[in-house]
Amino acid sequence: MNYSKTLSSLDLSSGSQAKPSRPFNINEVKEMLEQRIQQVIDRQYEYDCDKCTQLSKDISQIIKDAMKSLNYDRYKYVIQVVIGNCQDENVMMTCRCLWDVETDNYAAYVYSNTKIFCAVTVFGLYYF
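Okay, so let's go over this structure.

What counts and what doesn't
- Residues numbered from 1 in each chain as written.
- Predicted model: local features only at pLDDT ≥ 70, side-chain atom pairs only at ≥ 80, totals over all residues.
- Heavy atoms only, no water.
- Buried < 20%, exposed > 50% of the residue type's maximum accessible area, 1.4 Å probe, protein only.
- Helix = DSSP H or I, 4+ residues; strand = E, 2+ residues; numbered from the N terminus.
- Pairing = 2+ DSSP bridges.
- Axes fitted to C-alpha atoms, helices over the stretch in contact; angles between N-to-C directions.
- Left-handed = near helix turned anticlockwise from the far one by under 90°.
- Contact = heavy atoms within 4.5 Å.
- Nonpolar A, V, L, I, M, F, W, Y, C, P; charged D, E, K, R; others polar.
- Phe/Tyr/Trp six-rings, centres within 6.5 Å; stacked < 30°, edge-to-face > 60°.
- Lys NZ or Arg CZ within 6 Å of the ring centre and 35° of its normal.
- Core = buried A, V, L, I, M, F, W, Y, C linked by side-chain atoms within 4.5 Å.
- Salt bridge = Lys/Arg side-chain N within 4 Å of Asp/Glu carboxyl O.
- Expected span 1.5 Å × (residues − 1).
- Arc of directions from axis to C-beta.
- Polar contact = N/O pair within 3.5 Å; in protein donor to acceptor, adjacent residues only side chain to side chain.

1. Comments concerning the pairing of strand β3 (residues 116-126)
- In terms of burial, β3 is largely enclosed, as 10 of its 11 residues are buried.
- As paired strands, strand β2 (residues 105-112) and β3 are joined by eight bridges and run antiparallel to one another. Bridge pairing in β3 links V110 to A119.
- The hairpin turn running from β2 into β3, its antiparallel successor, is three residues long.

2. A short note on the packing of helix α2 (residues 26-41) against helix α3 (residues 49-69)
- In the contact formed by α2 and α3, the axes pass within 10 Å of each other and the chain directions differ by 145 degrees. α2 and α3 meet at a crossing whose hand is right-handed. On the side of α2, the interface is formed by V29, M32, L33, R36, I37, V40 and I41, while α3 contributes L55, I59, I62, I63, A66 and M67.
- For the contact of α2 with α3, a count of residues per class yields 12 nonpolar, no polar and one charged.

3. A closer look at the packing of aromatic side chains
- Scanning all chains against the criterion turns up eight aromatic pairs.
- Ring geometry for Y72 versus Y75: centroids 5.9 Å apart, planes at 70 degrees, classification edge-to-face. Accessibility classification places Y72 together with Y75 in one group, the buried group.
- A network of ring pairs unites the aromatic residues F24, Y72, Y75, Y126 and F128 as a single cluster.
- Over the face of the ring belonging to Y72 we find R22, whose NZ or CZ atom lies 4.4 Å from the ring centre.
- The residue whose ring lies beneath K76 is Y127, and the NZ or CZ to ring-centre distance is 5.1 Å.

4. Here we look at the nonpolar core
- Ranked by size, the top nonpolar core spans 26 residues in total, and within it V29, L33, I37, I59, I63, M67 and V120 carry the most contacts.
- L33 has contacts with I63, A107, A108, Y109, V120 and V122, leaving out every residue within four places of it along the chain.

5. A closer look at unusual backbone geometry
- The phi dihedral of N71 falls on the positive side, at around 60 degrees, and the residue is not glycine.
- The phi dihedral of R74 falls on the positive side, at around 65 degrees, and the residue is not glycine.
- Position of R74 among the secondary structure elements: in the loop between α3 and β1 (75-85).

6. Quick notes on the pattern of salt bridges
- Going through the model one piece at a time under the given rule, you end up with two salt bridges.
- A salt bridge links K19 to E102; its shortest N-O distance comes to 2.4 Å. In this pair, K19 sits in the loop between α1 (4-8) and α2 while E102 sits in the loop between β1 and β2, placing the two residues 83 residues apart along the sequence.
- Classification of K19 as partly exposed rests on a relative accessible area of 48%.

7. Points about α2
- Taking 1.5 Å per residue, 16 residues should reach 22 Å; α2 reaches 22 Å between its end C-alpha atoms and fits that length.
- If you check which residues of α2 are buried, you get V29, M32, L33, I37, V40 and I41. All buried residues of α2 lie within an arc of 135 degrees about the axis, which places them on one face of the element. What points out from α2, more than 90 degrees from its buried face, is the exposed set N27 and E31.
- For α2, the secondary structure elements touched by its buried residues are α3, β2 and β3.
- The backbone nitrogen of N27 lies 3.0 Å from a side-chain oxygen of the residue at the head of α2, namely N25.

Below, the structure written as C-alpha cells:
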C-alpha cells in the first residue's frame, strides 16, 4: 500500500510541514556513525557481557547527541545498538518498518575488531 497518497490528503492548515526542509542524509549519518563507533569500540580490548548493557546505552546516547548536532528539524530518532563477541560466527540482522518513503529513512553501520562487533542502526522519522 502506498502511504504517500495519504500524506497529500492531510490537512496542513495547522502549520505542520509536509516535507522536511533538510531531509535525512544517509551518507552524512553513516559518516558520523563510523567516526563515533570506532572511537568507542577501539577502546574495548575484550568482550565483557556484563559491561555491554551499559556500553550499548552509552553508544546510543553518543549517537543521539550527535544526531541532534546534525540539525534535522522535526525528525525523531530510533537508535538500535547491538554488541557481540567475535567468535568466527555469522550474525544476520533485519528490521521492518512502516513509514513514509518520501521523508523517513535509516542509516546503518557495523564495526568490528578481533574481539567485539558493534552494529548500529539509526532510523530518522519525520514528525508531521
